[in-house]
Structure formats: structure tokens, C-alpha cells
Amino acid sequence: MTTSATVAPGAIKDPGDIPDTPDMSRMYRESGARLRAAMADHGVDALVLLNNGSVVYATGASWPLLDAGLSHVERPVAIVLADDEHPHLFLPFREGAAAAADIPADHLHPPLYLEFDEGVQHFARVLTDLVPAGAKLAIDELTGAMRRSADPRFAGAVDAAPIVGAAKLVKTIDQIAAIRKACRITEEAVVDVQKALAPGVRQIDLSAQFVRRAFELGATTNMLEAIWQVMPESRAAGTWTTHGDLALPLLTTERELSAGDVLWTDVSITYRGYCSDFGRTWLVGDSPTSRQQDQFSQWRHILDEVLKVTKAGATSGDLARAATAANSGHKPWLPHFYLGHGIGTNAAEMPMIGTDLGEEFDDKFVFPAGMVLVLEPVVWEDGTGGYRSEEIVVITDDGYVPLTDYPYTPYGD
Amino acid sequence: MATEVLPDERALRNARRERALAQMEAHDLDVLVLGRQANVRYFSGAPQLWVAGTRPFGPICTVVRSTGEIHLNSTWDEGIPDDIPHERLYGLAWNPMTLIEVLKGIDGTATANRVGTDALTPSFAKLLPLAFPNAELVDGEPAMRAARRIKTAHELAVLRGALGIAQDSLAKAVAELRPGVTEQELTGVMLEAQAAGGVCTPATQDGAWVTSREHPWRRARSDGRVESGDLVAFAAGVLADGYVGEVGRTWPVGDIDGPAVRTLYDRSQALWDKLIAAIKPGARAGDLLAAYDAAGEPLPAMPVAHGLGLGFDPPVVTPQLRATADAEVLEPGMVLAVTGYVWREGTGAVFGREAVLVTADGAEVLTSSPSYGATP
């Protein structure tokens with residue numbers, strides 16, 4: 001842990017200003033303060049949080065996340081009160097799951113089972129004990145048992161997602177450090193994977209090697225089924241989609257890679273609850289042709305043009321327009337995705353740039369300093385396999401500071 | 001896993017849909033709007049991108065009972081069964097109103113009287129009535145749980161495959177056990193073996209941990225490094241072809257206190273005898289809690305059992321849900337992941353997890369990973 005003097009996220013000038021490892025206690029204090037400020041802005045007295053990413057944010061607890069099919073049953077739950085600096089955490093014991101170091105013992109409770117009537121009856125009593133009558137409540141999920149209970153506190157609650165989202169938008173310096181640490185673990189693990197790339201290697205071999213290395217290097221959770229998508233010869237030859245553009249991400253299989261395959265990769269892990277996001281385009285057993293090199297150059301041009309307008313005060317709309325202008329008027333991202341997205345305790349957070357939320361939404365979304373953004377433009381020309389990579393940046397007062405530190409081999413440095 | 005992304009086999013899909021549609025009828029649901037990955041897979045038979053952790057509710061799969069039509073949120077058709085044609089696929093969206101418009105366009109939504117969802121957010125509670133103007137919105141989970149509780153023969157076959165991969169990965173991690181190795185390294189070996197075995201989708205990622213000699217369940221030491229004399233717990237969980245397979249074992253390492261460790265494993269074995277005997281048709285899930293009492297062992301920090309299937313299935317057997325567990329009657333075709341846990345101060349813990357099928361006349365233990373000492 002570092003205790004060195006630190007700069008405000010908006011004043012970061014280069015990656016060296018970011019601590020190597022996060023100070024988890026300071027992160028806990030600062031994100032708690034941000035969350036309570038967001039509650040005050042929304043006039044909410046108590047938050048009930050069920051979603052993993054929100055609980056991580058509110059409590060500093062981190063644990064190896066469960067599969068979606070298990071995680072809604074054995075789920076940590078947090079209750080955050082506007083006038084209490086410590087959240088209450090209801091933590092299931094799942095094997096060796098990590099605890100939350102900074103929460104006082106009288107705020108740590110046995111697990112809640114909100115999928116069951118009996119569990120919700122107990123929870124109703126817990127709420128009565130902790131939350132004053134008449135308090136304005138926000139909740140991020142209503143389980144079936146909560147809905148069946150007909151407890152007016154659940155039915156009358158507002159959605160907690162916008163409140164948590166407002167707090168999460170600006171990262172503390174330690175959250176930025178945690179994201180970068182997750183990125184460093186990911187990048188170090190990926191180096192070996194890329195070295196292993198050769199004709200005859202199966203997609204799942206890459207996944208196997210990546211996950212082992214990531215855990216050896218300190219990953220808390222493997223967040224995403226690793227993607228090593230072999231790109232088609234042309235849009236028309238690719239998988240059918242609802243919009244006629246490319247499919248992404250297609251699932252990993254035992255398929256053996258062949259010389260000349262162009263791979264679009266995407267992996268994500270967490271470090272102490274904070275996500276990495278890695279994406280590069282790779283070429284199997286070959287060097288890029290000049291047309292393929294042009295794809296990369298075009299991608300690099302788009303990224304540079306986007307980064308020129310990236311700074312605090314810019315809007316999502318500014319970045320989308322810069323990207324489109326740099327790509328001869330065509331949006332350089334897939335219709336079902338985005339030019340970029342935020343990242344934190346979830347692999348994709350607000351803002352999402354260039355989605356069906358619409359241009360007006362994008363134009364109104366002003367970047368604050370300290371926001372962390374993943375940019376992932378896509379370039380495609382039939383016959384080349386296209387180019388896609390992901391770059392993570394911190395938004396600062398003057399511009400941005402990159403968190404991603406990985407070469408573009410074999411397309412560039 | 002193959003070299004192509006394939007939907008679940010037709011016979012498996014059809015048997016599941018039949019069960020789920022019957023439950024829609026029994027629960028008087030005209031439409032189900034499902035967001036949970038396991039429910040979506042149960043109806044659709046389509047593999048989805050795996051992402052760890054909870055996800056907020058959204059309308060990922062919509063089923064209309066009168067027509068039997070399944071509408072699925074997927075931008076592409078890879079892995080989508082041919083009985084869900086292109087016109088019933090709708091692409092990934094970020095604006096909830098885009099999804100509401102999709103729901104409005106589905107035959108049967110405008111006239112539905114009762115619509116079940118498998119969870120809800122306060123925001124979708126406000127928006128869904130726009131798509132279902134005449135409907136009462138109700139909890140659809142009981143219908144899905146009732147359908148999923150009993151496994152079909154096809155499901156059991158897939159589940160056995162998942163257990164096989166979990167067991168192989170556990171064996172690979174145990175083979176690396178030695179003083180000086182870390183919990184993280186052992187977990188890495190386990191997850192690597194799962195992925196190389198065709199399953200890059202772990203159900204659990206707490207792969208290995210050193211049991212504490214000082215505290216019944218806390219972690220032994222913060223650096224996670226294994227020392228001679230430790231009892232090291234291994235828990236493997238995979239999501240293979242949609243189904244969760246889990247198995248757990250504990251192995252001693254290095255110079256152990258032989259008699260004390262032997263005594264602890266004997267206690268574990270005695271507990272397992274009681275646990276397995278408690279699983280039979282007509283028994284109560286709560287009998288598993290009683291089995292700990294009967295063996296003279298305190299209940300562990302984690303649930304004693306939970307259902308296995310496409311993710312979690314009822315019951316969850318824990319003292320926090322004692323009345324629920326006492327009311328839950330075991331039936332043939334249910335599969336439980338059962339946890340045995342005994343601890344001794346100065347020695348550590350012996351943790352074990354078995355997948356157990358309730359059969360017509362008792363129980364079949366589906367897991368067979370080697371154990372230190374006797375096998376359950």
C-alpha cells in the first residue's frame with residue numbers, strides 16, 4: 001500500500017502520478033463520501049444494494065465473483081445510510097472469500113437470502129432496525145420474494161442505479177490505481193499468450209494460458225469469457241446479424257487457429273474488485289499485408305483524432321463526431337456497441353458513447369475530470385480482417401492520461 | 001465443446017421447454033420476460049457470452065405461452081437453435097426504450113393479462129407496463145424454479161459432463177500442492193485445466209485456500225502461501241454447456257500431525273455418512289442441517305447444500321432459511337451440491353463438496369474425486 005502524497009485525478013500529468021497499488025482504506029473513505037454525496041443530491045436516505053459491482057463500490061469488499069447463475073443467491077448485500085460513514089455489509093461466506101477490512105465489526109452481518117420469503121421477512125426486520133421509518137429508500141434490484149412481500153418500502157423505493165452511477169463516474173486516485181493494476185496484470189498475462197499464438201493452437205488454449213497467468217499475477221476474478229474471435233473474410237461471409245454489420249463477440253471454441261487468421265481479442269479481470277479491459281488485433285503466424293497495415297493506420301488515425309478532443313468538459317457527442325469525421329463520415333464502431341465506455345467495478349459503465357441512447361444523450365454527457373474511459377474504435381474493410389483495439393484513458397483537466405501500456409504487434413509498436 | 005458454437009441439443013431443449021410451459025400454465029402466466037442467464041438458457045437453449053457476477057434485470061428472453069414463441073436478445077444467430085428464427089432475435093441495446101419497443105411488437109404482449117419476470121429493477125417496473133398495458137406484473141421465478149427443480153434425463157447427462165471437468169481440474173490443482181505454492185497459483189492451475197478441458201467459464205473462482213488452524217473458517221494467512229502441515233481446501237466449479245458442476249476436497253501437505261489429521265478426516269467421514277443418509281425422496285432439505293447436529297458437528301459458515309442445474313436451483317440449505325429448508329421435500333431428479341465441513345483447533349478444516357442426485361430410492365453421489373482417507 002502506498003501512503004505517498006497524491007494528486008487529484010484531474011491533475012494527473014502522466015502515468016507516474018498514479019500510485020502503483022491502491023490504498024484501499026483511502027479508497028473506502030473517498031468512495032463512501034462520493035456515494036453519500038450522490039444520495040444527498042438525489043434526496044435519498046438509504047441505499048439497498050444487491051448488484052455485485054455496486055456492493056464492491058460501496059463497501060470495498062472484493063471476492064472472486066460467482067457465475068451469473070449462482071451470484072444472485074449467494075450475494076453480498078450493502079445498506080448505505082446517508083448519515084453513517086460506514087456501510088452495513090451482509091456477506092455470505094463462499095469458500096475463502098475476502099473480507100472488507102475497513103468496515104467495523106458492528107456493521108458486518110450474516111448473509112441475506114433475498115430470493116426467499118423467509119429471507120425477505122428477516123430482511124424486513126433488519127431494515128426496520130437500521131433505517132428510520134419514513135426514510136426515502138433506493139434499491140437496485142427487486143427480487144421476486146421482495147415483490148411478493150408487499151412491503152411498501154420495496155414498492156416505494158426508487159432505482160439506486162443512477163445514484164451509484166453518479167458516484168462511480170469520477171474515480172478516486174486509488175480506484176484509478178486499482179484499474180491500472182488490473183490492466184498491468186492483464187497485459188503481463190497476455191504477453192505470454194501472444195507469444196504462444198501459432199497455427200494449430202486452439203482458441204481455448206489461449207484462454208487457459210491467460211487465466212492461469214492472470215491468477216498467478218494476482219487477479220481476483222476472471223470477469224469475461226476470453227474472446228479470440230477469428231474475423232471473417234468479408235461482412236457477407238460473416239455470421240448473420242440483426243443489423244447486417246459484424247458480429248462481436250463470438251464465443252471461444254476448440255477451433256484450431258490457422259496461419260493468416262486475424263483475431264479480435266477481448267479479456268477482462270478484476271484486481272480487488274476493479275476491472276481491466278484488454279483488446280488488440282492479432283495475426284496468426286504471419287505479418288500484416290499492406291492493406292492490413294492500412295487498417296491499423298486508419299484505426300490509429302481515428303484514435304488520435306478522438307484523443308485530440310478528449311478532456312474534461314468534452315461530451316460523448318464530441319468524441320463520436322471526431323471519430324466519425326476521421327472515418328470519412330462513417331461511424332467507426334459496431335451498431336450494437338459503442339465508440340467507448342466507462343470502466344470501474346463493472347467492465348462497462350457509463351458513459352456509453354454512440355449507442356441507441358441517442359445523439360442528444362451523448363451531447364449532454366459532459367466528461368468530468370477523473371472519469372476513466374475505454375475507447376474501442378473499429379475499422380473494417382473486406383479482405384483484411386479489419387482492426388480493433390482498446391485504449392483506456394483517464395480524463396484530466398488538460399486532456400487524458402493513458403492506462404493501457406501494450407504494443408500493437410504485429411501491426412505497430 | 002466443439003469447434004463451433006452450437007445450441008443445446010433438440011431433445012434437451014424440448015424437454016425443458018415442455019416443463020417450463022407447463023409451469024407457465026400452472027402459474028397462470030401469459031408471458032414470461034426473463035433476464036437471468038440460467039432461465040434464458042432453459043427456454044432458449046442458446047449459449048450466451050459468459051460474464052462473472054450479477055447483472056441487472058433486462059428483457060433478454062420473452063416467451064408467449066399461447067404461441068410458444070421465444071424471442072431472444074441476440075445480435076447474431078451463432079448458437080441460436082433453428083426454432084428461434086431470425087425475426088425473433090433482437091439486438092443488444094443500451095436504451096431501455098429500444099427494448100420496450102421490441103416487446104410491444106411481439107404478438108401476444110398487448111393482450112397479456114399476467115406477465116412474469118424473474119427479477120425487476122424499479123426502472124423496469126415503471127417501463128414494462130408500456131409494453132404490457134393490460135397485464136398484472138408478477139414474480140415469474142416460482143414457475144421457473146418449479147420447472148428447473150427436477151432434472152430431465154438429458155439434463156443429468158450434461159450435468160455429469162460438467163462434473164467430470166470440475167473433477168479433472170481439481171485433480172490438476174491437487175497435483176501441484178506442495179509447501180511454498182500459493183492459493184492463487186493453485187487456483188490458476190485449476191482454472192487453466194478447466195479452460196483447456198473446454199470450459200473457460202468458471203462457476204466459482206475460489207479455487208484453493210489454506211484452512212486456518214486458529215479459526216473455524218477465516219483464511220489462514222494473508223499471503224496465501226501453503227506451509228508444511230497445512231490442510232488445503234480445493235473447490236472446483238464450472239459452467240459447462242450451461243450446467244454448474246461443483247466438487248470439493250481437502251488435502252494435507254508436508255509434515256502433518258498424523259493422528260490429529262486422521263481423527264479430523266474420520267469426523268468428516270462420519271458427517272458424510274449422515275449427510276448422504278439424509279438425502280432420499282420424501283426427506284426434508286432441512287434434514288441436512290439435522291445431519292450436522294446428529295454428527296455432533298457445528299454448522300459451517302457456508303450453506304450446507306444448494307441445488308445444481310443451470311446455475312443455482314432450490315433449495316439453499318442454511319440455518320438462515322431453516323423454515324424454508326424444513327418445508328422443502330426432496331424428490332427424485334433433484335441434484336444437490338452438498339458441503340461437509342469439520343474443523344479442529346490446531347489442525348484446520350476438512351472441507352468436501354459432492355454432487356448428489358436424489359434417486360427413486362435414495363441418493364447417488366455423482367462426484368468421485370479421490371479423497372484423502374476414506375471416500376464418502
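Because the structure is predicted, anything quoted here is derived from the model rather than measured.

1. With respect to the overall build of chain A
For step 1, the next point in the chain: When helices and strands are tallied, chain A shows twelve helices and 19 strands.
For step 2, the next point in the chain: What you see for chain A is a C-alpha radius of gyration of 22 Å, in line with the 22 Å of a compact globule of 413 residues.
For step 3, the next point in the chain: Considering only C-alpha atoms, chain A reaches an extent of 70 × 45 × 45 Å along its principal axes.
For step 4, the next point in the chain: The buried share of chain A, reckoned over its 413 residues, is 58%.

2. Some remarks on unusual backbone geometry
All names here are of chain A.
For step 1, the next point in the chain: Here leucine 248 and proline 249 are connected by a cis peptide whose omega angle stands at -5°.
For step 2, the next point in the chain: The linkage connecting threonine 409 with the following residue, proline 410, adopts the cis geometry, with an omega of 5°.
For step 3, the next point in the chain: Tracing the backbone through its elements, the reader meets proline 410 in the segment after strand 19 (400-402).
For step 4, the next point in the chain: A positive phi angle is found at arginine 272, which is not glycine, with a value near 50°.

3. Overview of the sheet that holds strand 5 (residues 137-139) of chain A
Sheet strands pair via backbone hydrogen bonds, and the direction of the pair is either parallel or antiparallel.
For step 1, the next point in the chain: The strand order across the open sheet built from six strands is 4-3-2-1-5-6 (chain A), with neighbouring strands paired in mixed fashion. The open sheet has two free edges, formed respectively by strand 4 (108-109) and strand 6 (158-159) of chain A, since each of these has just one partner strand.

4. Brief notes about the domain arrangement of chain A
Residues and elements named next belong to chain A.
For step 1, the next point in the chain: Partitioning chain A into domains gives domain 1 (9-169) and domain 2 (173-402).
For step 2, the next point in the chain: In this structure, domain 1 and domain 2 have C-alpha centres spaced 29 Å apart.
For step 3, the next point in the chain: Contacts between the two partners involve 24 residues from domain 1, matched on the other side by 27 residues from domain 2.
For step 4, the next point in the chain: Counting residues per element, the ones that place at least two in the side of domain 1 that touches domain 2 are helix 1 (24-41), helix 2 (52-59) and helix 7 (161-169).
For step 5, the next point in the chain: Residue composition of the side of domain 1 that touches domain 2, grouped by class: 14 nonpolar, six polar and four charged.

5. A closer look at helix 10 (residues 290-308) of chain A
For step 1, the next point in the chain: Given a rise of 1.5 Å per residue, 19 residues ought to cover 27 Å, and the 27 Å separating the end C-alpha atoms of helix 10 of chain A matches this to within 8%.
For step 2, the next point in the chain: The secondary structure elements touched by the buried residues of helix 10 of chain A are helix 11 (316-326), strand 15 (372-375), strand 16 (378-379), strand 17 (387-388) and strand 18 (391-395) of chain A.

Parameters at a glance
- Residues numbered from 1 in each chain as written.
- Chains lettered and ligands numbered in written order.
- Predicted model: local features only at pLDDT ≥ 70, side-chain atom pairs only at ≥ 80, totals over all residues.
- Helix = DSSP H or I, 4+ residues; strand = E, 2+ residues; numbered from the N terminus.
- Rg over C-alpha atoms; globule rule 2.2 N^0.38 Å.
- Buried ≥ 20, exposed ≤ 12 C-beta atoms within 10 Å, placed from the backbone.
- Pairing = 2+ DSSP bridges.
- Domains from an automatic or database assignment.
- Contact = placed C-beta atoms within 7 Å.
- Nonpolar A, V, L, I, M, F, W, Y, C, P; charged D, E, K, R; others polar.
- Expected span 1.5 Å × (residues − 1).

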